[in-house]
Amino acid sequence: MPRAIIAPSVLASDFGQLTAECQRMIKNGAEWLHMDVMDGHFVPNITMGAPILTCVHKGVPEIFMDCHMMVSEPEKWVDDIANAGGALYCFHYEATSDPISLIHTIHQRGMRAGIAISPDTPSTAITDEIGNAADMLLVMTVYPGLGGQKFLDRCVPKVAQLRARFPDKDIEVDGGVGPKTIGVCAEAGSNVIVAGTAIFGADNPEQVISTLKSAVNT
Ligand code: DX5
Ligand code: ZN
């Protein structure tokens, strides 16, 4: 299995102090930051877009920006996110009719490509062709659109199904993940762990990051 990566979701941070919040996470051991881009159309909320990512990249250039694109036309934002310093562009399977060509476009712009499946999308939506072309597969463990939701256990078998088919891929889980739910995620084979509330809301984020990391590594 690929190595463990913990990606704090900045959705749970204080947006008024975004750069400082990101620097705080680096100090606490994060290598990736999970940036939730929402367009108010694919999901009901609006969060941030390329201009804000550009500022974060300027403030913390060393961080790997894992951009989770909860948007209706993911083809539209590849250039902007690449120019903003995005390292990984993860779009939703449900939002595009041609995932393969989108993956190629993302690669052409020098980013890693991820594909996300929402709770009602089966793991079989990720065909061998899609899975082999993508760099990361994201199994949502809540309905996209809001931080702080309850982890949906019923999504976990999809992680195991994808891990069995793609032993060397990064497989990410996102939504309601924290010290209480990491066990099942790690056991099923996810190695990229997104956590918002559990990390930003903790008294000791460093400890939470290290707990999540060791759960994946064991
Ligand atoms: C939900 C977002 C998640 C969310 C995770 O739509 O994609 O990244 O911020 O937050 P928690 O860990 O609080 O569920
Ligand atoms: Zn996310």
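The name an unreviewed UniProt entry assigns to the protein chain is Ribulose-phosphate 3-epimerase, from the organism Agaricus bisporus var. burnettii. Taken directly from UniProt, the Pathway (unreviewed entry) text for the protein chain runs: "Carbohydrate degradation; pentose phosphate pathway; D-xylulose 5-phosphate from D-ribulose 5-phosphate (non-oxidative stage): step 1/1." Of the comments in the UniProt record for the protein chain, the one headed Catalytic activity (unreviewed entry) reads "D-ribulose 5-phosphate = D-xylulose 5-phosphate".

S.K.: So what's going on with the UniProt feature "active site" (unreviewed entry) in the protein chain? Which residues, and what values?
M.R.: In this numbering, the UniProt entry assigns the feature "active site" (unreviewed entry) to D36 and D174. Despite a sequence span of 139 residues, these residues sit close together in the fold, their greatest C-alpha distance being 10.6 Å. Structurally, D36 is set in strand β2 (residues 32-38). Each residue touching D36, except ones within four places of it in the same chain, is listed here: S9, L11, T47, H68 and M70. Looking at the secondary structure, you find D174 in strand β7 (residues 170-174). Setting aside chain neighbours within four positions, we find D174 in contact with H68, L138, M140, T141 and V194.

S.K.: Please give an account of the pairing of strand β4 (residues 88-92) that cites residues and values.
M.R.: Across the five residues of β4, five count as buried, placing the element largely inside the fold. Of the two faces of β4, both are covered, the one formed by L88, C90 and H92 as well as the one formed by Y89 and F91. Of the strand pairs in this sheet, strand β3 (residues 64-70) and β4 are connected by four bridges, and their pairing is parallel. Considered in β4, the bridge of M69 is made with F91. Read as a crossover between parallel neighbours, the route from β3 over helix α3 (residues 78-84) to β4 is right-handed. The pairing of β4 with strand β5 (residues 112-117) spans five bridges and is parallel.

S.K.: Report on the site of ligand 1, specifying residues and quantitative values.
M.R.: Taken together, 22 residues lie around ligand 1, and S9, L11, G147, G196 and T197 are the ones closest in. Contributions of two or more residues to the shell around ligand 1 are made by β2, β8 (192-195) and α8 (197-200). The class makeup of the residues in the shell around ligand 1 is nine nonpolar, eleven polar and two charged.

Thresholds, definitions, all that
Residues numbered from 1 in each chain as written. Chains lettered and ligands numbered in written order. Predicted model: local features only at pLDDT ≥ 70, side-chain atom pairs only at ≥ 80, totals over all residues. UniProt positions renumbered as here; feature names shortened; annotations may be inferred. Helix = DSSP H or I, 4+ residues; strand = E, 2+ residues; numbered from the N terminus. Contact = placed C-beta atoms within 7 Å. Buried ≥ 20, exposed ≤ 12 C-beta atoms within 10 Å, placed from the backbone. Pairing = 2+ DSSP bridges. Right-handed = clockwise from strand over helix to strand, strands pointing away. Near = placed C-beta within 6 Å. Nonpolar A, V, L, I, M, F, W, Y, C, P; charged D, E, K, R; others polar.

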